[in-house]
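Listed here are the chains, written in short residue letters.
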Amino acid sequence: MADPSSLVFASIRELAGLLRRGEVTARELAEAHLRQIERVDPSVGAYLTVVADRALAQAGAADEQLRRLRQEPRSQTASSPSGLQSSAGGPELLLGIPWACKDVLCTAGVRTTCGSKMLEQFVPPYSATAVRRLDERGAVMLGKVNMDEFAMGSSTENSALGVTRNPWDLSRVPGGSSGGSAAAVAAGEAVFSLGSDTGGSVRLPAAYCGVVGLKPTYGSVSRYGLIAFASSLDQVGPLARTVEDAALVYEAIAGHDPLDSTSAPRPPEPVLRTLEEGVKGLRLGLSPDYFGEGLDGEVREAVMGAVRRLEREGAQIVEVRIPHLAYALPVYYIIAPSEASSNLARYDGVRYGLRVPGDDIVQQFSKTRREGFGPEVKRRIMLGTYALSAGYYEAFYLKAQKVRTLIRRDFEAAFARVDALITPVAPTVAFRMGEKVEDPLQMYLTDIYTLSVNLAGLPGVSVPCGFSSQGLPIGLQVIGPAFGEPQILRVARAVEETSGVRGARPRVAVGDAR
Amino acid sequence: MPAQATAQAQAAPSVPPGWEAVIGLEIHVELATESKIYCGCSTRFGAPPNTQVCPVCLGLPGSLPVLNEKAVEYAVRAGLALHCRIAPYAKFDRKNYFYPDLPKAYQISQYDLPLCRDGYLEVEVGGRTRRVGIIRVHLEEETGKLVHSTATIAGSRYSLVDYNRSGVPLIEIVTQPDLRTPEEARLFLEELRSVMQYLGVSDVKMEEGSLRCDANISLRRPGETRLGTKTEVKNINSLRAVERALRYEAYRQAAVLEDGGRIVQETRGWDEASGTTIPMRSKETVQDYRYFPEPDIPPLALDEAYVERVRQSLPELPAARRRRLMEQWQLPAYDAWVICQHPALAGFFEQAASRWKDGKTVSNWVMGEVLRILGASGEEPGVLAGRPEWVEHLVEVLRLVSAGRISANVGKEVLEESFKSGRAPEEIVRARGLEQVGDEAQLLAWVRQAIEANPDAVASYRAGKAQAAGFLVGQVMKLSKGKANPKTVGELMRRELGEPGTSSS
């Protein structure tokens, strides 16, 4: 059997090779990860629910399938040096690979809390489409990971059910809202994870935790079973250790879903095929709108350093403008809470989840919601309810939608000139826990570079590009036009290749790994 | 006061003298699709509670709506039949409010861009055609149903919710305030119900809730153009109740106004038992539904070709059919109206009439006997569509009656039996020996038997009471078990008794 510490830090492709060749079993792989969770999660706190028995059962089924695969004659196609059938496409590699699921995605028979007291005991009778697709590929779900309550937040400090820490520095936040998803991957507690991104919730924690996070084009991954925060912005995305792994998971979960009317009626973008093509000849946009006031010097340097390397690789750097970018934050904080106020109205204690009895039905509604929701969720429900109220709708919600259209057009104009945009992910590296909790506006500014991507429905990927002087990961964001996943992943792959940060592991995760 | 107002309203004209009523209706029609509007669950009525539910219609976290194309088509059908413009671009909106029967705490409805708008429906009122404007027809979802432990939510220890109905597609039809009397409102609703039946988009059963109506009513003096303060009447659960509730409300409002009072804008519930309306909630705090575009359903773009295809598929509607039947079969307007109320009834009539020379006779039998037989067995006219053999039965009965082989009364009995048993009328007549007796010797024997048995009647006949002969003829019919030819019996009776008032002894 392979060295356990390398097992929990290997990539999907590496592990798939070991599994196909029989050098490790899916069960051993699952057990190695369950041990790693036992070892590091008390300090990291990524998991809310670990489903060891279920994972081992899934792993057993995967081993069965792997055994059959190995017995099949290899005559049709020559086996690749790694022992993989060359016919095996990307998603097939997920067979037996352990992963972690953000607790915002419904998992049949496994409690799905959304980081809220409201749903602490909620066990959905069905699985999200993205989860189902991973199940079908034979991936092994280890458990459900922590998040800001109902995906509202940028630090995972808003979870009602636990604290998640940044594996690179336990005094710092992992970012949010998919903080558990990012921390689990960074700490070797899962090979990859799924998160959800409404305003940067996959990309930001990926950047803070030094992993890759992809927010796909709106409509390219089904939202069915994703507990809604803001329906027109939410998108499911993978977090992984490498760009290739993220691409692989993306290919497995993307594609039309008849259960989601907003799901794009087109086949998923094949991204793996072109991943290694490099950036030679690509036109990459830099916008001064992303490099203004508030951007930390070290972050700027790390991003610009990566840009210079891409230029050396043959990319052409072009200056573009996103003139309405400055309005993205206020527009986002009208639209997202408005939709949230409506999406979260169903938590009333009538059918499932928390119920706090009252003297009459109205009292039961309000007591349930008073006790079930945390302060950030309440704040956004209030904001949204206000913005949608008669007399304010035109001034707030409708106006915000109009500006949203302007922002979308800015991007369209930019992408008429360039293949992808390069920006920072966040103004700073991971901040300290508690630092911004009392100041929601400061917290909201964390997402300033990511949320316009959601407003425009575009794909964006966060990829590590360096470290701060304190040894904290710095992320770089590549934004593409709608369904431009192939080119943004190509660019991200080139950044990964040239930055030399791949393979770095946080101390907490390896400390006593042996 | 209310009791007085009711009593007054029963006898008096439907709108109090000296006033004009302004009435608008909001009608909800449940569409008869196989599956729900945003998921694949069955819409069958009457299943055990919560057996036709899924994550989508329960609004479970993470579930998403997918629009049922059939529901859209049905709504477009209804809109076209009501002469509406069909929107080339329609969207869905969320109407947010909290209620235990509303699983998502919002209803996916349509707000500013409904599927259909600006139409009308013509109604015959007292021989005049009235055109009632349709403001809009929009598509939305049904809510669940609350079942309280006692009659009302307020007095209940607990309430249960049945979500089988949750997500059944509905259209809401909103009229202009063009109706002027409670009777007009009822006639409008009857016509609308017929139209929906003809279209096949709903079974429009008020008692099962698949047709529901709320009514707005205000009063003003004739000639005034300004509208008075209106009240909205809810819980109207039959066609008759529409008229009764509005009549009650018109008289109530008139009494308040004539006393120098002021109408409070409010929602009132119709209470069938007491025949009154009862305040439900004051409209002073208008509910803010916080409508906004439904982000989970992309806007709907209906191209002209689609709308045209639906238009081509529309059947002949009741008004046109009435006109045609009047012309083709020389039916009086009333007959045409009764027969055309239900498409199956009209179809039945047309099939029978085309096999029988005289449309009016067929219409008499359809309006009289066929409807009576259906009513007695609690059946809807809809069942006629599935009973082509009944047409044959009716025609055969008509043939037997017209040939004088059975009397009309026996014919009615035979028709009912043939409907129930499925046996041919001819066969029933033969088996039960119902053929009319025309044999004079037999008839005379019965006549004499009747005269002998009823000396009092004979005496009063002779004393000048001609109608006593009718009684005696009736006795003969009884003796013959209905088989005697009544015309012949009458003649024989007069021959035996002589002229009334003339003593023969």
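What you are looking at is a predicted structure, and each value in this text was computed from that prediction instead of being measured.

Basis of the calculations
Residues numbered from 1 in each chain as written. Chains lettered and ligands numbered in written order. Predicted model: local features only at pLDDT ≥ 70, side-chain atom pairs only at ≥ 80, totals over all residues. Heavy atoms only, no water. Core = buried A, V, L, I, M, F, W, Y, C linked by side-chain atoms within 4.5 Å. Buried < 20%, exposed > 50% of the residue type's maximum accessible area, 1.4 Å probe, protein only. Contact = heavy atoms within 4.5 Å. Salt bridge = Lys/Arg side-chain N within 4 Å of Asp/Glu carboxyl O. Helix = DSSP H or I, 4+ residues; strand = E, 2+ residues; numbered from the N terminus. Pairing = 2+ DSSP bridges. Axes fitted to C-alpha atoms, helices over the stretch in contact; angles between N-to-C directions. Parallel < 35°, antiparallel > 145°, perpendicular 65-115°, else oblique. Left-handed = near helix turned anticlockwise from the far one by under 90°. Nonpolar A, V, L, I, M, F, W, Y, C, P; charged D, E, K, R; others polar. Buried area = accessible area lost by both parts, 1.4 Å probe. Polar contact = N/O pair within 3.5 Å; in protein donor to acceptor, adjacent residues only side chain to side chain. UniProt positions renumbered as here; feature names shortened; annotations may be inferred. Phe/Tyr/Trp six-rings, centres within 6.5 Å; stacked < 30°, edge-to-face > 60°. Lys NZ or Arg CZ within 6 Å of the ring centre and 35° of its normal.

Draft legend 1. Fine view of the nonpolar core. Counting residues in each nonpolar core, the largest one holds 286 residues, and the members touching the most others are Phe150(A), Phe192(A) and Met196(B). Beyond its immediate sequence surroundings of up to four residues, Phe192(A) is in contact with Ile12(A), Leu94(A), Ile97(A), Pro98(A), Trp99(A), Ala100(A), Leu134(A), Ala139(A), Val185(A), Leu239(A), Ala240(A) and Val249(A).

Draft legend 2. Inspection of the pattern of salt bridges at higher detail. On inspection of all chains with the given rule, the structure shows 58 salt bridges over all chains. With its nearest N and O atoms 2.6 Å apart, the salt bridge here joins Glu244(A) to Arg13(A). Taken together, the residues Glu244(A) in helix α8 (residues 243–253) and Arg13(A) in helix α2 (residues 12–20) connect sequence positions 231 residues apart. For Glu244(A), a relative accessible area of 16% gives the class buried. The exposure class assigned to Arg13(A) is partly exposed, which follows from its relative accessible area of 36%. For Glu350(B), the salt bridge is made with Arg324(B), and the minimal N-O distance between the two is 2.7 Å. Of this pair, Glu350(B) sits in helix α8 (residues 343–354) while Arg324(B) sits in helix α6 (residues 318–329), and the two are 26 residues apart along the sequence.

Draft legend 3. Representation of the pairing of strand β6 (residues 116–125) of chain B within the structure. Residue and element names in this part refer to chain B. Pairing of strand β2 (residues 85–86) with β6 involves 2 bridges; the strand directions are antiparallel. Within the sheet, the bridge partner assigned to Arg-85 lies in β6 and is Arg-117. Examined bridge by bridge, β6 and strand β7 (residues 128–141) share 9 bridges and lie antiparallel to one another. From the neighbouring strand, Leu-121 faces β7, where its bridge partner is Val-132. Taking the residues between adjacent antiparallel strands as the criterion, β6 and β7 are bridged by 2 residues, where Gly-126 takes a positive phi near 55°.

Draft legend 4. Structural view of the packing of helix α3 (residues 182–199) of chain B against helix α4 (residues 239–258) of chain B. Residues and elements named next belong to chain B. At a minimum axis distance of 8 Å, the contact between α3 and α4 shows a crossing angle of 155°. Between α3 and α4, the angle is such that the two are roughly antiparallel. Here the hand of the crossing between α3 and α4 comes out right-handed. On α4, the residues touching Pro-182, Glu-183, Ala-185, Arg-186, Leu-189, Glu-190 and Arg-193 of α3 are Leu-239, Val-242, Glu-243, Leu-246 and Arg-247. Looking at the contact of α3 with α4, its residues break down into 6 nonpolar, no polar and 6 charged.

Draft legend 5. Spatial organisation of the interface of chain A and chain B. Taken together, the contacts link 37 residues of chain A with 32 residues of chain B. Broken down residue by residue, the surface that chain A buries against chain B is led by Ser261(A), Arg346(A) and Arg351(A), which jointly contribute 22%. In this structure, the salt-bridge partner of Arg223(A) is Asp296(B), at a minimum N-O distance of 3.0 Å. Inspection of the region where chain A meets chain B yields 15 residue pairs in polar contact (both at pLDDT 80 or more). Mapped by element, the contributors of at least two residues to the side of chain A that touches chain B are α10 (328–343), α11 (361–372) and α12 (375–388) of chain A. For the side of chain A that touches chain B, a count of residues per class yields 21 nonpolar, 10 polar and 6 charged.

Draft legend 6. Broad picture of the sheet that holds strand β6 (residues 236–240) of chain A. Residue and element names in this part refer to chain A. A sheet is described by the order of its strands in space; here 11 strands give the open sequence β1-β3-β2-β4-β6-β5-β10-β11-β9-β7-β8, paired in mixed fashion. Of all the strands in the sheet, just β1 (47–50) and β8 (316–319) have a single pairing partner and so form its edges. Put simply, the sheet's adjacent strands are angled 30° from each other on average, direction ignored. Strand direction decides the pairing type here: strand β9 (residues 420–424) and strand β11 (residues 473–479), joined by 4 bridges, are antiparallel. Each residue of the ladder has a partner; that of Pro-424, found in β11, is Leu-476. Across the sheet, helix α4 (residues 52–71) is in contact with β1 and β3 (140–145); its angle to β3 comes to roughly 155°.

Draft legend 7. Seen up close, the UniProt feature "active site" (unreviewed entry) in chain A. All names here are of chain A. Following the UniProt record, one finds the feature "active site" (unreviewed entry) at Lys-102, Ser-177 and Ser-201. Taking the farthest pair of C-alpha atoms as the criterion, the annotated set spanning 100 residues converges on one region, since that pair is 11.0 Å apart. In this fold, Lys-102 is placed in strand β2 (residues 98–102). Once you skip the residues sitting within four places of it in the chain, Lys-102 turns out to touch Lys-144, Val-145, Met-147, Ala-151, Ser-177, Ser-178, Ser-181, Leu-194, Gly-195, Ser-196 and Ser-201.

Draft legend 8. Inspection of the packing of aromatic side chains at higher detail. Tallied over the full model, the rule gives 25 aromatic pairs over all chains. Judged by centre distance (3.9 Å) and plane angle (15°), the rings of Tyr333(A) and Tyr444(A) are stacked. Highlighted residues: Tyr333(A) in helix α10 and Tyr444(A) in helix α14 (residues 440–445), separated in sequence by 111 residues. Taken together, Phe122(A), Phe150(A), Tyr347(A), Tyr352(A) and Phe373(A) form an aromatic cluster joined through their ring pairs. Above the plane of the ring of Phe483(A) lies Arg266(A), whose end atom (NZ or CZ) is 3.8 Å from the centre. Positioned over the ring face of Tyr120(B) is Arg131(B), at 3.7 Å from the centre of the ring.

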